Amino acid sequence: MKACRFIHPKSVATILAALFVSFFTPSQSYADESKNPDLSHYAFANYIGSGIYRTSGQNAAVVNIPFAFDIEQSDDHILTLRLPISLGFFDYSFSDLPEGDIPDNVGTMTITPGIEYKWLYDEQLTFESYLDLGYGHNFSNSSNVGIVSTGISALYELAQPKYTPIWVNRVYYAGYKSSINDSSESYSVLQSGIDFGVGQQWDWGDYTIEPRLFVAGRWYFNKLKFITPLEDDIHTSSTYEVGATLALSKPLGWGWFSTDRFGVSYQTDGELQVWRLIFEFPM
């Protein structure tokens, strides 16, 4: 069994910038609950992608704490228990990030435990599937949500030794049901992209570092709605992303946190703007 991979809560402040996922859920002061009783899209925080999201209505952020434990491993498969926790913060903007301001008021929390199975078909092709059943709480209106998500993926390493491209395709679904009026919503998405090297590497101590680029697109079967309190809601049918990462030959860690990727990306659909700081495989 591999050692568990997770981030100690005391490390959250130091890696806050690296683990953002954003969504747009207004606090109680922005919304009349009798008219719009539950703005629960924070339930999707673990699935819509890490980053700082921005619209004309509001900026917001979530820090993801990805607990994961490999519970079984062989030559052809890996079975993993996932226990991600997402903490949401209202009114956190791009200008706060370089100034080092840390959110001090938790607005939402989700816990989405699940099982992930990886089938190592051969040296080039890997299939993945997962099932999550979770819970979320909005502290601004004391509402709760039940969360379910499932998906399948295929990762294919193309035969180009110099650039080692990886073609990624994912299809997944996420939905929630709220404690307020039993409201519910869901979305499903096809994601496809390619991650590739630039044909250069260098050594840093015991590590070999490789610069890599990636491009990705997401197409939503039913539009994903980002709720903004001051402007019209944004309905997203597709987003496109470009980014760059540094891949390490082995994980680099501090305490209980370790990663073999560092990077940044930009994602947009025209109205929605997302800046991601990446500390994992980017797609």
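Residues numbered from 1 in each chain as written. Predicted model: local features only at pLDDT ≥ 70, side-chain atom pairs only at ≥ 80, totals over all residues. Heavy atoms only, no water.

1. Side note on the overall build of the chain
Selection rule: Segments assigned H or I by DSSP are reported as helices when at least four residues long, segments assigned E as strands when at least two residues long, and all are numbered from the N terminus. Per-residue accessibility, obtained with a 1.4 Å probe over protein chains only, is compared with the maximum for each type, and a residue is labelled buried under 20%, exposed over 50%, and partly exposed between these values. Should any heavy atoms of two residues lie within 4.5 Å, those residues are counted as being in contact. Working definition of accessibility: Shrake-Rupley area with a 1.4 Å probe, residue cover restricted to the visible protein chains.
The number of helices and strands found in the chain is one helix and 15 strands. Taken across its 283 residues, the chain has 49% of its residues classed as buried. Long-range contacts, defined as pairs at least 24 residues apart, comprise 61% of the intrachain contacts of the chain with a sequence gap of at least 6. As displayed, the chain offers around 13900 Å² of accessible surface, 56% of which is attributable to carbon and sulfur atoms.

2. A short note on the pattern of salt bridges
Our working rule: The salt bridge definition used is simple: a Lys or Arg side-chain nitrogen within 4 Å of an Asp or Glu carboxyl oxygen.
Under the definition given, this model contains eight salt bridges. A salt bridge links D195 to R212; the shortest N-O distance between them is 2.6 Å. Of this pair, D195 sits in strand β10 (residues 184-197) while R212 sits in strand β12 (residues 207-226), placing them 17 residues apart in sequence. When sorted by exposure, D195 lands in the same class as R212, which is buried. E210 is the partner of R212 in a salt bridge, and the nearest nitrogen-oxygen pair spans 3.2 Å. Considered together, R212 and E210 belong to a single accessibility category, that of buried residues.

3. So, the nonpolar core
Heads up, the rule is: Nonpolar cores were defined as sets of buried Ala, Val, Leu, Ile, Met, Phe, Trp, Tyr and Cys residues, with membership established by side-chain atoms within 4.5 Å.
The biggest cluster of nonpolar side chains holds 14 residues, and the ones touching the most others in it are F44, Y47, V145, I147, Y172, Y176 and Y187. Elements with a contribution of two residues or more to this core: β8 (143-157), β9 (166-178) and β10. Within the second largest apolar cluster, seven residues are counted, among which are L155, V168, F214 and I278.

4. Here's the deal with a nonpolar patch on the surface
Our working definition: Think of a patch as exposed residues, more than 30% relative accessible area, with no salt bridge, where like charges cluster within 9 Å and nonpolar side chains (Val, Leu, Ile, Met, Phe, Trp, Tyr) cluster within 5 Å.
Where nonpolar side chains cluster on the molecular surface, the patch consists of I152, V171, L190, W219, F221 and Y240 and spans about 590 Å² of accessible area. You can see V171 is positioned in strand β9.

5. A few points about the environment of Q191
The criterion, for reference: In the analysis that follows, any N or O atom pair within 3.5 Å is treated as a polar contact, provided that within protein one partner can donate a hydrogen and the other can accept it, and provided that, for residues neighboring in sequence, both atoms belong to side chains.
Positionally, Q191 belongs in strand β10. Expressed as a C-alpha distance, the spacing of Q191 and N169, which sit 22 residues apart in the sequence, is 5.7 Å. In this view, Q191 contacts V168, N169, R170, Y172, G217, R218 and M283; residues no more than four positions away in its chain are not counted. Separated by 3.4 Å, the side chains of Q191 and R218 make a polar contact.

6. Focus: the pairing of β8
Quick note on the threshold: Any two strands between which DSSP finds at least two bridges are classified as paired.
Two elements, strand β7 (residues 125-138) and β8, share 14 bridges in a ladder whose sense is antiparallel. When the sheet's bridge partners are listed, T126 is paired in β8 with L155.

7. Overview of the packing of aromatic side chains
Counted only if it meets this: Here a Phe, Tyr or Trp ring, Trp counted by its six-membered ring, pairs with any other such ring whose centre lies within 6.5 Å, and the pair is stacked when the planes are under 30 degrees apart, edge-to-face when over 60, and tilted otherwise.
Tallying each qualifying case throughout the model produces ten aromatic pairs. On the numbers, 6.5 Å between centres and 15° between planes, the contact of Y47 with Y130 is stacked. Taken together, the residues Y47 in the loop between β1 (20-21) and β2 (52-54) and Y130 in strand β7 connect sequence positions 83 residues apart. Plain terms: the ring middles of Y172 and Y187 are 6.4 Å apart, the flat faces sit at 80° to each other, and that makes the pair edge-to-face. You can see Y172 sitting in strand β9 and its partner Y187 sitting in strand β10, a full 15 residues away along the chain. Here the two residues Y172 and Y187 agree in accessibility, since each one is buried.

8. Comments concerning the environment of K250
Residue position: K250 is located in strand β13 (residues 234-254). Accessibility expressed as a relative area gives 36% for K250, which makes it partly exposed. Along the chain, K250 and T208 lie 42 residues apart, while their C-alpha atoms are 8.1 Å from each other.

9. Some remarks on the confidence of the model for the chain
The test is simple: What pLDDT conveys is the predictor's confidence in a given residue, as a value from 0 to 100.
Summing up the model confidence of the chain, the mean pLDDT is 76 and the portion of residues at 70 or higher is 69%. Mean pLDDT values over the elements of the chain span from 30, in β1, up to 97, in strand β6 (residues 114-120). Long-range and interchain partners of residues 1-40, a stretch whose pLDDT sits below 50, account for 118 contacts in this model, where long-range means more than four residues apart.

10. Observations regarding the environment of E157
With respect to the element layout, E157 can be found in strand β8. A residue is classified by how much of its surface remains accessible, and E157, at 41% relative accessible area, is partly exposed. Residues E157 and L125, 32 residues apart in the sequence, show an inter-C-alpha distance of 6.5 Å.

11. Things to note about the side chain of R82
Inspection of the secondary structure assignment puts R82 in strand β4 (residues 77-90). The exposure class of R82 is buried, given its relative accessible area of 17%. Reaching out from R82, the side chain makes a polar contact with the side chain of D132 at a distance of 2.7 Å. Other than its neighbours up to four places away in sequence, R82 contacts F67, A68, T112, P113, G114, E116, Y130 and D132.

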